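The primary structure of each chain is shown beneath.
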Amino acid sequence: MTAQIMDGRRVAKALKDEVAEEVSRLRGHRCRLATVMVGQDYSARAYERRLVRVADELGVGYQGHTLPASSAVEDVLAVIGGLNADPRVSGILVLRPLPAQVDEALVFTALSPYKDIEAVHPVNAGLLALGTPRFMPSTPASVFYLLDSWLDEVGESRPEFYHRSTIVVVGRSNNVGKPAALLGYARQAVTVSCDEWVSRTGRLAEVTSGADVLIVAAGVAGLIGAEHVSPEMVVLDVGINPVTDPVEGAVHLVGDVDFAAVAPVVRAISPVPGGVGPVTDVWLMRNTAAAARLIMAASS
Ligand code: NAD
């Protein structure tokens, strides 16, 4: 048995059509994404390049701001302040990681909650935790969008599936793991969340093996192997890890799941690349359009 592949590119394409229509209803120019990158992290740059392309395809405006890695938090806050006040910008994304001297919590709290499309401002994170989100952060939202789409394809009722499922989320960051667990709660699934201590204490396989749905967002290449999964499991791999080929020297991206070892064992799996990532890019544009609509509604 080989797992069904959850094809993120195909799902993203359908979502793209929906978002493009929404953007055209907004007449394009009111819908603009601004990114803020501090330093030149490999993954952040790769993400930014993808966003430029998708924004262009969907007719979403885009402007990128890159600050030197040596920037002080005040420099970053000044850029955020400018973007908050700029009426042409509807959504702001702060690319992670930020350098150690730039306090992430200060930066996130400085975002306008109406432009904070990744729901990292404490008000938006709180609304999400209460089950009344203003914005659903793009990566965890995309994990569930991909999963919901797959359930529709295989003809399983979403509520029935979630109500009888245990979802295990490996990784507990504020932007991916924690909100993914919150979206699991929202679907009334038994939801278990763990972080690196589950590995350090040797319990990773014990915890993951109880999952019907395993969501992995740890940022550790090949963390999940055949010993962590079971035949009926649905595995969503969020990890994006640059790995250098020892022979050719070229850098390529791999997930947190050892695809070759796990795919023959489980029911369904999302690949890297081509799984969660392409949906995330489009979801961010969807949130940018939603923010534009919010701003329009507030000013009318
Ligand atoms: P992060 O470093 O902020 O958080 C990682 C989390 O994983 C932490 O809670 C940490 O404790 C946990 N962890 C680390 N090692 C672990 C281990 N051995 N066992 C169990 N848990 C462990 O990272 P993040 O921003 O949450 O991103 C996670 C991964 O997802 C990265 O590879 C990142 O590149 C990727 N990512 C992908 C998308 C996408 O669209 N597909 C978007 C954002 C992030």
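Residues numbered from 1 in each chain as written. Predicted model: local features only at pLDDT ≥ 70, side-chain atom pairs only at ≥ 80, totals over all residues. Heavy atoms only, no water.

## A word on the site of the ligand
Within the structure, the ligand sits among 22 residues, and Arg96, Arg172, Ser173, Ser199 and Ile240 are positioned closest to it. Within the contact set of the ligand, a nitrogen atom lies 3.4 Å away from a backbone nitrogen or oxygen of Asp195. Ser199 has a polar side-chain atom sitting 2.6 Å from a nitrogen atom of the ligand. In the complex, 77% of the free accessible area of the ligand, which totals 860 Å², lies under the protein chains. Going through the elements one at a time, α9 (196–200) and α12 (276–299) are the ones with two or more residues in the shell around the ligand. (Near = heavy atom within 4 Å. Polar contact = N/O pair within 3.5 Å; in protein donor to acceptor, adjacent residues only side chain to side chain. Areas by Shrake-Rupley, 256 points an atom, 1.4 Å probe, with all protein chains shown as cover. Helix = DSSP H or I, 4+ residues; strand = E, 2+ residues; numbered from the N terminus.)

## Considering the sheet that holds strand β11 (residues 268–269)
An order of β1-β11-β8-β7-β5-β6 is seen for the 6 strands of this open sheet, with the pairing classed as parallel. The open sheet is flanked by β1 (4–5) and β6 (190–194), the only strands paired with a single partner. (Pairing = 2+ DSSP bridges.)

## Describing the packing of helix α6 (residues 138–154) against helix α8 (residues 177–186)
The N-to-C vectors of α6 and α8 enclose an angle of 40 degrees; their axes lie 8 Å apart at closest approach. When the axes of α6 and α8 are compared, the pair comes out oblique. Pair α6 / α8 crosses with right-handed handedness. Here Pro140, Ala141 and Phe144 of α6 come into contact with α8, specifically with Pro179, Ala180, Leu183 and Gly184. Among the residues forming the contact of α6 with α8, the class breakdown is 6 nonpolar, 1 polar and no charged. (Axes fitted to C-alpha atoms, helices over the stretch in contact; angles between N-to-C directions. Parallel < 35°, antiparallel > 145°, perpendicular 65-115°, else oblique. Left-handed = near helix turned anticlockwise from the far one by under 90°. Contact = heavy atoms within 4.5 Å. Nonpolar A, V, L, I, M, F, W, Y, C, P; charged D, E, K, R; others polar.)

## Considering the nonpolar core
Judged by nonpolar contacts, the single largest core of 55 residues is most densely connected at Leu147, Ile215, Leu236 and Met285. In terms of residues, this core owes the most to one element, α12, which gives 9 residues. Sequence-distant contacts of Leu147, that is, excluding residues within four places in its chain, are made with Met6, Tyr162, Val213, Val234 and Leu236. Among the nonpolar cores identified, the runner-up in size contains 19 residues, and Ala3, Val170, Val235 and Val257 belong to it. (Core = buried A, V, L, I, M, F, W, Y, C linked by side-chain atoms within 4.5 Å. Buried < 20%, exposed > 50% of the residue type's maximum accessible area, 1.4 Å probe, protein only.)

## Comments concerning empty space enclosed by the protein
One pass over the full model with this rule turns up 1 cavity of 30 Å³ or more. By volume, the largest cavity amounts to about 30 Å³. In terms of lining residues, the largest cavity is bounded by Ile5, Met6, Asp7, Arg10, Val11, Leu146, Trp150 and Glu153. Those elements that provide at least two residues to the lining of the largest cavity are α1 (8–25) and α6. Element by element, the count of residues in the lining of the largest cavity is highest for α6, at 3 residues. Taken together, the residues that form the lining of the largest cavity break down as 5 nonpolar, no polar and 3 charged. (1 Å grid on protein atoms, 1.4 Å probe; cavity = no way out; pocket = protein on both sides within 12 Å on 5 of 7 lines; lining within 4 Å. Points joined across faces, edges and corners; volume = space filled by probe spheres on them.)

## What about the confidence of the model for the protein?
Of the residues in the protein, 99% reach a pLDDT of 70 or more, and the chain-wide mean stands at 96. Per-element mean pLDDT across the protein ranges from 91 in strand β10 (residues 251–254) up to 99 in strand β5 (residues 166–170). (pLDDT = per-residue confidence, 0-100.)

## Things to note about the pattern of salt bridges
According to the stated counting rule, one finds 17 salt bridges in the structure shown. The salt bridge partner of Arg286 is Glu18, with a shortest N-O separation of 3.2 Å. In this pair, Arg286 is assigned in helix α12 and Glu18 in helix α1, connecting sequence segments 268 residues apart. We note a salt bridge from Glu104 to Arg96, for which the minimum N-O separation is 3.1 Å. (Salt bridge = Lys/Arg side-chain N within 4 Å of Asp/Glu carboxyl O.)

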